[in-house]
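# Fold and geometry: a report
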Amino acid sequence: QVQLVESGGGLVQAGGSLRLSCAASGRIFSVNAMGWYRQTPGKQRELVAFISGVNTNYADSAKGRFTISTNNGKNTVYLQMNNLTPEDTAIYYCNARITVDSVDSVTYNFWGQGTQVTISS
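Parameters at a glance
Residues numbered from 1 in each chain as written. Predicted model: local features only at pLDDT ≥ 70, side-chain atom pairs only at ≥ 80, totals over all residues. Heavy atoms only, no water. Core = buried A, V, L, I, M, F, W, Y, C linked by side-chain atoms within 4.5 Å. Buried < 20%, exposed > 50% of the residue type's maximum accessible area, 1.4 Å probe, protein only. Helix = DSSP H or I, 4+ residues; strand = E, 2+ residues; numbered from the N terminus. Contact = heavy atoms within 4.5 Å. Phe/Tyr/Trp six-rings, centres within 6.5 Å; stacked < 30°, edge-to-face > 60°. Lys NZ or Arg CZ within 6 Å of the ring centre and 35° of its normal.

### Notes on the nonpolar core
- With 28 residues, the main nonpolar core has Trp36, Leu79, Met81 and Tyr92 as its most contacted residues.
- Those elements that provide at least two residues to this core are strand S1 (2-7), strand S3 (18-26), strand S4 (30-39), strand S5 (46-52), strand S7 (66-70), strand S8 (76-81), strand S9 (90-101) and strand S11 (115-120).
- If we ignore the near neighbours within four places in the chain, the residues touching Met81 are Gly16, Ser17, Leu18, Leu20, Arg65, Phe66, Tyr92 and Val117.

### Description of unusual backbone geometry
- In this structure, Asn83 takes a positive phi of about 50° despite not being glycine.
- A relative accessible area of 47% places Asn83 in the partly exposed class.
- If you check the backbone angles, Ser105 has positive phi at about 50° while not being a glycine.
- Within the secondary structure, Ser105 sits in the loop between S9 and strand S10 (106-111).

### What about the packing of aromatic side chains?
- Tallied over the entire structure, the rule returns 2 aromatic pairs.
- For the pair Tyr37 and Trp111, a centre-to-centre distance of 5.0 Å together with 65° between the ring planes defines the contact as edge-to-face. In this pair, Tyr37 sits in strand S4 while Trp111 sits in strand S10, placing the two residues 74 residues apart along the sequence.
- On the basis of relative accessible area, Tyr37 is assigned to the partly exposed category, the value being 22%.
- Relative to Phe110, the ring of Tyr108 lies with its centre 6.0 Å away and its plane at 75°, an arrangement referred to as edge-to-face.
- What makes Phe110 buried here is its relative accessible area of 18%.
- Positioned above the aromatic ring of Tyr78, the side-chain terminus of Arg19 is 4.2 Å from the ring centre.
- Between Arg45 and the ring centre of Tyr93, over which it is positioned, the NZ or CZ distance is 3.8 Å.

Here it is as structure tokens:
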């Protein structure tokens, strides 16, 4: 099985910074992409950023403020969040697209447990 473990959430003042991390472990043949989503009550989960190889993509609200990266082994994803605002308050979920079976090319989306990010004004 594959497990994603998140850390780095917390409460900070507006204008502050947080760095989220997510480590993937388990039966992994290859990690195709990793990313971060966020969700607040009454809203659908939305993409914040993802990374696949050298390619990255950011939500418009994250561009210029957030930076996504991976470690050298590409099994850990980070989200550096700067200049945070109360609108960034949400539960942030790590996502990984992982191939677990090379013979059948079985690929799944795995999700972390979520980490709370709260920005006060």
